[in-house]
Amino acid sequence: MRTDVHAHYVPPAALTAAELERDRYGVAVLRVAEGPRVSFAGGPLLRPAVASLLRLADRPAWDHCLVSVWPELWGHRLLPAQGEAWARLCNDALAADLRGRPGWLGCAQVPLQAPAAAAAEVRRAVSELNFRAVMVPGAICGQPLDAMELAPFWAAVAELEIPVYIHPADPPGAERLDRHGLRLLAGEPYEVTLAALDLILGGVCARYPSLRLILAHGGGYLPWAWGRVVRGYQVSSSARDGLIQEPAEHLGQFWYDSLVHDPAALSYLVRWAGADRVLLGTDAPMALTEPAPEQMLAAADLAPEAAAAILGGNAARLFRI
């Protein structure tokens, strides 16, 4: 079985609905040659949704594929009521388009600017749409994921035992990241790393031990910095900050996609995390998609059983396929 757990899509029906009811959703759509661009609540226009983002028909023929709405469209700066309506619209449109792709799975978006509404929407996405995961950014408009205001959301996903996929959306440090394409090259893995540490050191993992968390882009820098995290916890009171359990106690709550673009890095990730904790991800159809993921697995020189688990076995267990 071959499963891609990291793929994005822009449901065209959601854009059309936003154009027809701009006041309801707070979303403006500008149609340009490169693709539709949106803005939220009168903010700046975001990147164009290129043609490949608007189509599912020409995607690779995976046995299963976990599809999420493109993070540019999450709309966490919308007013709470608009954000709730927009998330519901995007999830419904995604579910409708996936019905024509047997074996493909939906990954929900939620209005985290309204945590109670986010909890309600993830419950609806699971019960009514049969979605298998929910995707969130590393921070909500600068608010870290361990903020107490987000407790209703974390309680809901812990109760549902639905995986939460942490994907970068707005890396901190724009004054540096705007140069040399660093946002894409370094900022996004940085955001994922910070999010993981917020959840561990901020106590969210301890409060909700049934959480199932997936880190995009191979966990960012977490696998490489883990020794420093452990040592810092031992010697720094600010790193402990009231955390009762050592950080390593929570690694069993995390999974990692394989999107590291380097066989040696993938080999290290598998050794560090365990072959049962790595999931195949391509980031299709984005610019930094992994074009030949199965060749990447082969080049990492993994044991056959490890490669088979990453190719699909781990996803089958995690998403209850």
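Everything quoted here is computed from the prediction, not taken from an experiment.

Time to look at the overall build of the chain. Of regular secondary structure, the chain possesses 13 helices and 12 strands. Taken over C-alpha atoms, the radius of gyration comes to 19 Å for the chain, in line with the 20 Å a tight globule of 321 residues would show. Along the first, second and third principal axes, the C-alpha atoms of the chain reach 55 × 45 × 45 Å. The buried share of the chain, reckoned over its 321 residues, is 55%. Considering only contacts in the chain between residues 6 or more positions apart, those separated by 24 or more positions represent 72%. As presented, the chain carries roughly 13,700 Å² of accessible surface, and 55% of it is formed by carbon and sulfur atoms. Between the mean site of the 27 positive side-chain charges and the mean site of the 34 negative ones, the chain shows a separation of 1 Å.

With that out of the way, let us pick up the packing of aromatic side chains. Counting across every chain of the model gives 6 aromatic pairs. Centre to centre, the rings of Tyr25 and Trp86 are 6.2 Å apart; their planes meet at 65°, and the pair counts as edge-to-face. Note that Tyr25 is positioned in helix α2 (residues 22-25) and Trp86 in helix α3 (residues 80-98), a separation of 61 residues in sequence. Pair check on accessibility: Tyr25 and Trp86 agree, each one buried. Taking 4.4 Å as the distance between ring centres and 25° as the angle between the ring planes, the aromatic pair formed by Trp224 and Tyr268 counts as stacked. With Trp224 in helix α9 (residues 222-235) and Tyr268 in helix α11 (residues 263-273), the pair connects residues that are 44 residues apart, well separated along the chain. Joined through ring pairs, the aromatic side chains of Tyr25, Phe40 and Trp86 make up one cluster.

On inspection of all chains with the given rule, the structure shows 11 salt bridges. The residue Arg124 makes a salt bridge to Asp92 at a minimum N-O spacing of 3.0 Å. Note that Arg124 is positioned in helix α4 (residues 115-127) and Asp92 in helix α3, a separation of 32 residues in sequence. Overall, Arg124 belongs to the buried group, its relative accessible area being 7%. Ionic contacts of the salt-bridge type, sharing partners, join the residues Asp92, Glu121, Arg124 and Glu128 into one network.

This paragraph deals with the environment of Tyr208. Tracing the backbone shows Tyr208 in the loop between α8 (204-207) and β10 (213-215). Judged by its relative accessible area of 17%, Tyr208 is buried. Placed 57 residues apart in sequence, Tyr208 and Ala151 show a C-alpha to C-alpha distance of 9.8 Å. Contacts of Tyr208, omitting those with residues within four sequence positions, involve Ala151, Trp154, Ala155, Ala158 and Gln253.

On to the nonpolar core, then. Of all hydrophobic cores here, the largest spans 99 residues; its most connected members are Trp86 and Trp154. Ranked by residue count, the leading element in this core is α3, at 8 residues. Every residue in contact with Trp154, bar those within four places of it in the chain, is listed here: Leu145, Val164, Leu199, Val204, Tyr208, Leu211 and Leu213.

This brings us to the state of the cysteines. Working definition: the covalent bond between the sulfur atoms of two cysteines is a disulfide. Scanning the model with the defined rule gives 0 disulfides in all. No disulfide involves Cys107; its sulfur sits 11 Å from that of Cys65, the nearest cysteine.

On to unusual backbone geometry, then. Residue Pro285 follows Ala284 across a cis peptide bond; omega there is 0°. Checked against the element boundaries, Pro285 lands in the loop between β12 (278-279) and α12 (293-299). The phi angle at Cys141 is positive, at roughly 50°, despite the residue not being glycine. Structurally, the position occupied by Cys141 is in the loop between β7 (139-140) and β8 (143-144).

What counts, and at which threshold
In every chain, residue numbers begin from 1 and rise along the written sequence. Totals for whole chains, interfaces and linings use all residues, but because this is a predicted model, local features are given only for residues with pLDDT of at least 70 and pairs of side-chain atoms are given and counted only at 80 or more. Side-chain descriptors were evaluated using all non-hydrogen atoms of the structure, hydrogens and water having been removed beforehand. Only runs of H or I of at least four residues qualify as helices and only runs of E of at least two qualify as strands under DSSP, and these elements are numbered from the N terminus. Both definitions apply: the radius of gyration is a C-alpha atom measure, and the globule rule equals 2.2 Å times residues to the power 0.38. Only protein chains enter the calculation, and the probe is 1.4 Å; a residue is then buried if its accessible area is under 20% of its type maximum, exposed if over 50%, and partly exposed in between. Between two residues, a contact is recorded if the distance between any of their heavy atoms is within 4.5 Å. Residue burial considers only the protein chains on display, and all accessible areas are found by Shrake-Rupley using a 1.4 Å probe. Note on charges: Lys and Arg go in the positive column, Asp and Glu in the negative column, and His and the chain ends are not counted at all. One atom stands in for each charge, and that atom is NZ of Lys, CZ of Arg, CG of Asp or CD of Glu. Two rings from Phe, Tyr or Trp (for Trp, the six-membered ring) form a pair when their centres are within 6.5 Å of each other. A pair whose planes differ by under 30 degrees is stacked, one over 60 is edge-to-face, and the rest are tilted. Salt bridge, as applied in this entry: a Lys or Arg side-chain nitrogen positioned within 4 Å of an Asp or Glu carboxyl oxygen. To qualify as a nonpolar core, a set must consist of buried Ala, Val, Leu, Ile, Met, Phe, Trp, Tyr and Cys residues joined through side-chain atoms within 4.5 Å. For this text, the term disulfide refers to a pair of cysteine sulfurs within 2.5 Å.

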